[in-house]
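Structure at a glance
Okay, here's what each chain looks like letter by letter:
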Amino acid sequence: MGARQSRASSKDKGPKRVLFTGRRQKFSPWDDALLSGRDPRSLLKRGMHHVSFSLVTRGMADIPDFLWGLSEVQKLNLSHNQLRVLPPEVGKLTRIVVLNLCGNRLKSLPREVSLLQNLRVLFVNMNCLTEVPAELSLCRNLEVLSLSHNCLSQLPAGFADLSRLRKLNLSNNSFVHIPMCVFSLKELIFLHVGSNRLENIAESIQHLASLQIFIAEGNNIHSFPRSLCLVTSLELLNLNNNDIQTLPSELHLLCRLVRIAWNPMDKGLHISHNPLSKPLPELVEGGLEMLFSYLKDKKHT
């Protein structure tokens, strides 16, 4: 009994172990890799076609410097952070094919973006851009560009040189007209200029002979230009929520529009929520064939 008490008292005199009940602090994957002495390249994901690296939704205000040494990166996703600046070092990542900067606080892009000669897809939507550098027009392999939800009112004239651009999203900005350089993009199949301040569509729209989807909803467009009827490749034309009162008799030339569409995702002609003069509203309700027939007959009377 006495021996047991003696052993217990000697244990009590030893150093006490402190128990932490709080949760273990979690490090971000790149911090964890650096702290463990691992090469940051171990964070790269190597797919069948591209080497990718993602730092999505990390709350980052700055980009970790080690990233600029990962020269093999082809797909880089930095979306939904707090980035205010994209450093010029991005020009070191010359193999980049896809760059996603969506959902940050960027006010501009560095001139060094021109060094990304392999760039095909660029998302800079949902930022605070007030301008786009002219140097971006040097990325001649660019095929997809999203600049929506920014503060843009113009584009550099050099954008006309983006001869391979197929999809362009300029929606939710401050454009009062579609920039003239856009009408030089002969390969364009998708153009979104919705929710801007447009009051008209320039006659030059007819030069976009490959255009399949044209969205200009939510503007203040007063008339439906006849030249738009010459873009016979159109499969989806959305002019909802504008100030259009009449429709051109040449509308039937848009033979790939298969219906009056009501669902935003459907192909066809979207013309709702416009102050169409009578009897156009009733004809629209009756369908595209009825509308085409009326407009053609009206032309010959």
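Residues numbered from 1 in each chain as written. Predicted model: local features only at pLDDT ≥ 70, side-chain atom pairs only at ≥ 80, totals over all residues. Heavy atoms only, no water.

**Looking at the overall build of the chain**
Helix and strand counts for the chain stand at 4 helices and 11 strands. In the chain, of all internal contacts separated by at least 6 residues, the share reaching a separation of at least 24 is 32%. (Helix = DSSP H or I, 4+ residues; strand = E, 2+ residues; numbered from the N terminus. Contact = heavy atoms within 4.5 Å.)

**Description of the packing of aromatic side chains**
Under the defined criterion, the tally for this structure stands at 1 aromatic pair. Each ring, one from F53 and one from F66, has its centre 6.2 Å from the other, and the planes form 85°; the classification is edge-to-face. Residue F53 is found in strand β2 (residues 51-54), and its partner F66 is found in the loop between β2 and β3 (75-77); the two are separated by 13 residues along the sequence. Of the two residues, F53 and F66, both sit in the buried class. (Phe/Tyr/Trp six-rings, centres within 6.5 Å; stacked < 30°, edge-to-face > 60°. Buried < 20%, exposed > 50% of the residue type's maximum accessible area, 1.4 Å probe, protein only.)

**What to know about the side chain of S171**
Residue placement: S171 occurs in the loop between β7 (167-169) and β8 (190-192). A residue is classified by how much of its surface remains accessible, and S171, at 4% relative accessible area, is buried. A polar side-chain atom of S171 sits 2.7 Å from a polar atom in the side chain of N169. Non-local contacts of S171, meaning those with residues more than four positions away in its chain, are made with S148, H149, H192, V193, G194 and N196. (Polar contact = N/O pair within 3.5 Å; in protein donor to acceptor, adjacent residues only side chain to side chain.)

**What about the nonpolar core?**
It is characteristic of soluble globular proteins that their nonpolar side chains tend to be buried jointly. In this structure, F214 and L291 are the most contacted members of the largest nonpolar core, which totals 82 residues. At the level of secondary structure, the elements contributing two or more residues to this core comprise β2, α3 (280-286) and α4 (288-300). Broken down by element, this core gets its largest block of residues, 4 residues, from α4. Split by domain, this core shows at least three residues from each of two domains, domain 1 (32-151) and domain 2 (162-300). Those residues in contact with F214, other than ones at most four positions away along the chain, are I178, L191, V193, I201, I205, L228, L234, L236, L237 and N238. (Core = buried A, V, L, I, M, F, W, Y, C linked by side-chain atoms within 4.5 Å. Domains from an automatic or database assignment.)

**With respect to the sheet that holds β2**
Ordered by their spatial adjacency, 11 strands build an open sheet running β1-β2-β3-β4-β5-β6-β7-β8-β9-β10-β11, and the pairing between neighbours is mixed. Edge strands, defined here as strands with exactly one partner in the open sheet, are β1 (45-46) and β11 (268-270). As judged from the 3 bridges shared by strand β6 (residues 144-146) and β7, these two strands associate in the parallel manner. By the bridge assignment for β7, L145 is matched with L168. (Pairing = 2+ DSSP bridges.)

**Side note on unusual backbone geometry**
For the peptide bond that leads from K278 to P279, omega is 5°, which places it in the cis range. Along the polypeptide, P279 turns up in the loop between β11 and α3. We note that M126 has phi near 60°; this positive angle belongs to a residue other than glycine. Residue placement: M126 occurs in the loop between β5 (121-123) and β6. With relative accessibility at 41%, the residue M126 sits in the partly exposed group. We note that S195 has phi near 55°; this positive angle belongs to a residue other than glycine. By secondary structure assignment, the location of S195 is in the loop between β8 and β9 (213-215).

**A look at the pattern of salt bridges**
Note that side chains of opposite charge can pair when their charged atoms are close. A full pass over the atoms with the stated rule returns 6 salt bridges. With its nearest N and O atoms 3.7 Å apart, the salt bridge here joins R46 to E72. Of this pair, R46 sits in strand β1 while E72 sits in the loop between β2 and β3, placing them 26 residues apart in sequence. With relative accessibility at 57%, the residue R46 sits in the exposed group. Judged by its relative accessible area of 13%, E72 falls in the buried class. (Salt bridge = Lys/Arg side-chain N within 4 Å of Asp/Glu carboxyl O.)

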